[in-house]
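Here is what each chain is made of, one letter per residue.
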Amino acid sequence: MAEKILITPKSFKNYKENAHKLLQEHGYEIIENNFGRTLTEEEIIEIAQDNVVGIIIGVDPLPANVLNQCKSLRAISKYGVGMDNIDLKRAAELGILVKNAVGTNSISVAEHAIGLMFASARHLPTVAAGTKAYGWERSIGFELTNKKLGLIGGGQIGKEVAKRAVGLGMKVTIYDPFFNDHEFLEKYGIQIEQDLTDVLKESDIISLHLPVTEQTKGLINEETLKLMKPTAILINTSRGELVDERALYDALVNNEIAVAAQDVYSSEPPKHGDPLVALPNFILTPHIGAFTQEAVERMAMVSTENLIELLAQREVVK
Ligand code: NAD
């Protein structure tokens, strides 16, 4: 029986031609996600019984109980960067190789983060909706030039945001305990700050570009929100779990910060009637950071190449 590859991301379909060709040349049969949405744990388990040796995964869940039941699975290739939907520890224990598509979507996410900064500074969602409804309500905004931008996380995406922000004349500081690219800091005139508290206190705009882990979950909470300026803008294009959304709701209602703009959420889409979503100073986009033609094309090809490479490594290990 031919070995099979399950491909779950919906947007993969738009650029599948070359990727499918490559997989077929290597003798693999392809199972596409025909549900038109993220797969459930049960669906993944059921499909995987059909001799699935590799998965190209989007944001669909791969916790330990799913991995345990995917008996033929040898490799997982992440279509994108964030691997928080995969139990990496269990995968390693089971000998399942995992790799992500590093850097394929950094520019797209960085551009979206910058877009959210402009949207927040000029109240774009509210004024655009008002004008479309034949209103002429002009709320006063502010310039990004000369404002202090605090980046929490200075990896692939954080650096792309930093470069663009410097180009806009912003004063950029990075907080990232693992950052070591000093050449980059010098080249772009960017500060590195060792103390998160100082970055939160001093920044006009705070943008999150770090992974969600046990240590970073709820990094933005009641306590850290209180450190921010009442005029501060919080941008989150990373992961919903980095922010305690109850605390964010309180901070926005009580004007402890001015605006929050997120591309990600603890539940995607958010639950109907969620009070945070209804707030006028809360901007939310539907996880479109990496959703550009360029990034999707790169993610499709790189995740396919990565999977083939991982499966070839498995052959060597055998
Ligand atoms: P990356 O691994 O290149 O960079 C992450 C950086 O975070 C690293 O430099 C790391 O040292 C730093 N970091 C780790 N722990 C930290 C901490 N406690 N405090 C401060 N910094 C810390 O990853 P990336 O490609 O830049 O991605 C960043 C985030 O963006 C991830 O959470 C990813 O899931 C998310 N993302 C979102 C989208 C989207 O569509 N919105 C797309 C791609 C990635």
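For every chain, the first residue of the written sequence is number 1, and numbering continues from 1 onward in sequence order. Side-chain atom pairs in this predicted model are given and counted only at pLDDT of 80 or more, local residue features only at pLDDT of at least 70, and totals for whole chains, interfaces and linings cover all residues. Excluding hydrogens and water, the side-chain figures rest on all heavy atoms present in the structure.

(A) The arrangement of the packing of aromatic side chains in detail. Side-chain rings of Phe, Tyr and Trp, where Trp is taken by its six-membered ring, are said to pair if the distance between their centres is within 6.5 Å; with planes under 30 degrees apart they count as stacked, over 60 as edge-to-face, and otherwise as tilted. Going through the model one piece at a time under the given rule, you end up with four aromatic pairs. Considering the side-chain rings of Phe12 and Tyr79, the 5.7 Å spacing of their centres and the 45° angle between planes classify their relative orientation as tilted. Of this pair, Phe12 sits in the loop between strand E1 (4-7) and helix H1 (16-25) while Tyr79 sits in the loop between strand E4 (75-78) and helix H4 (88-93); the two residues are 67 residues apart in sequence, bridging distant segments of the chain. Accessibility assignment for this pair places Phe12 and Tyr79 in one class, buried. The way it works is that DSSP assigns letters per residue, a run of H or I at least four long becomes a helix, a run of E at least two long becomes a strand, and they are numbered from the N terminus. Relative accessibility under 20% of the residue-type maximum defines a buried residue, over 50% an exposed one, and the middle range a partly exposed one, all with a 1.4 Å probe and only protein chains included.

(B) The arrangement of empty space enclosed by the protein in detail. Using only the protein atoms, space was sampled on a 1 Å grid; points where a 1.4 Å probe fits but cannot get out form cavities, open sets with protein on both sides within 12 Å along at least five of seven lines form pockets, and lining residues are those with an atom within 4 Å of a point. Grid points are joined across faces, edges and corners, and a volume is the space filled by probe spheres set on the points. For the structure on display, the rule yields one cavity of 30 Å³ or more. Its volume calculated, the largest cavity comes out at about 40 Å³. Lining of the largest cavity is provided by Ile7, Pro9, Phe12, Lys13, Lys16, His20, Glu32 and Asn33. For this classification, the nonpolar set comprises Ala, Val, Leu, Ile, Met, Phe, Trp, Tyr, Cys and Pro, the charged set comprises Asp, Glu, Lys and Arg, and every other residue, Gly included, is treated as polar. The residue makeup of the lining of the largest cavity, split by class, is three nonpolar, two polar and three charged.

(C) Representation of the side chain of Ser11 in the model. Within the fold, Ser11 resides in the loop between E1 and H1. Ser11 sits in the buried class, given a relative accessible area of 9%. In terms of polar contacts, Ser11 uses its side chain to reach the side chain of Tyr79, at 2.7 Å. We call two N or O atoms a polar contact when they sit within 3.5 Å, provided that within protein one can donate a hydrogen and the other can accept it, with sequence-adjacent residues counted only if both atoms are side-chain atoms.

(D) A look at the layout of surface pockets. Volume-wise, the second largest pocket comes out at about 370 Å³. In terms of lining, the second largest pocket is formed by 17 residues, of which the most central are Asp176, Pro177, Phe178, Leu210 and Pro211.

(E) Representation of the sheet that holds strand E6 (residues 148-152) in the model. Between any two strands, at least two bridges found by DSSP are needed for them to pair. One open sheet holds the seven strands; their spatial order is E8-E7-E6-E9-E10-E11-E12, and the pairing between them is parallel. Strands at the two margins of the open sheet, each flanked by one partner only, are strand E8 (191-192) and strand E12 (282-284). Relative to strand E7 (residues 171-175), E6 is paired through five bridges, and the arrangement is parallel. Looking at the pairing, Leu151 lines up with Ile174 of E7. Working rule for contacts: check all heavy atoms of both residues, and any pair within 4.5 Å makes them a contact. Axes here mean lines fitted to C-alpha atoms, for a helix over just the part in contact, with angles spanning 0 to 180 degrees between N-to-C directions. The sheet strands contacting helix H5 (residues 106-121) are E6, strand E9 (205-208), strand E10 (233-236), strand E11 (259-262) and E12, and the helix crosses E10 at an angle near 150°. Strands in contact with helix H7 (residues 156-167) are E6 and E7; relative to E6, the strand with the most contacts, it is inclined by about 170°.

(F) Expanded view of the nonpolar core. Among buried residues, the Ala, Val, Leu, Ile, Met, Phe, Trp, Tyr and Cys ones that are joined through side-chain atoms within 4.5 Å form a nonpolar core. Core analysis: the largest hydrophobic core is formed by 46 residues, its most contacted members being Ile5, Met117, Leu149 and Val161. Ranked by the residues each element gives to this core, the list is headed by H5, at eight residues. What marks off one domain from the next here is an automatic or database domain assignment. Residue-level mapping places this core at the junction of two domains, with at least three residues from each of domain 1 (4-104 + 293-317) and domain 2 (106-284). When sequence neighbours within four positions are dropped, the list of residues in contact with Ile5 reads Leu23, Tyr28, Glu29, Ile30, Ile31, Val53, Gly54, Ile56, Leu307 and Leu311.

(G) Representation of the domain arrangement of the chain in the model. You can read the domains of the chain as domain 1 (4-104 + 293-317) and domain 2 (106-284). Look at where the C-alpha atoms of domain 1 and domain 2 centre, and you get two points 31 Å apart. Every contact between the two is made by seven residues of domain 1 and, on the other side, five residues of domain 2. When domain 1 packs against domain 2, close to 520 Å² is buried across both sides, 46% of that on carbon and sulfur atoms. Any carboxyl oxygen of Asp or Glu within 4 Å of a side-chain nitrogen of Lys or Arg constitutes a salt bridge here. At the junction of domain 1 with domain 2, the criterion picks out one salt bridge. A salt bridge links Asp84 to Arg239; the nearest nitrogen and oxygen atoms lie 2.9 Å apart. Each residue belonging to the side of domain 1 that touches domain 2 can be placed in one class, and the counts come to two nonpolar, three polar and two charged. Accessible area that two parts lose when put together, evaluated with a 1.4 Å probe and summed over both, is termed the buried area.

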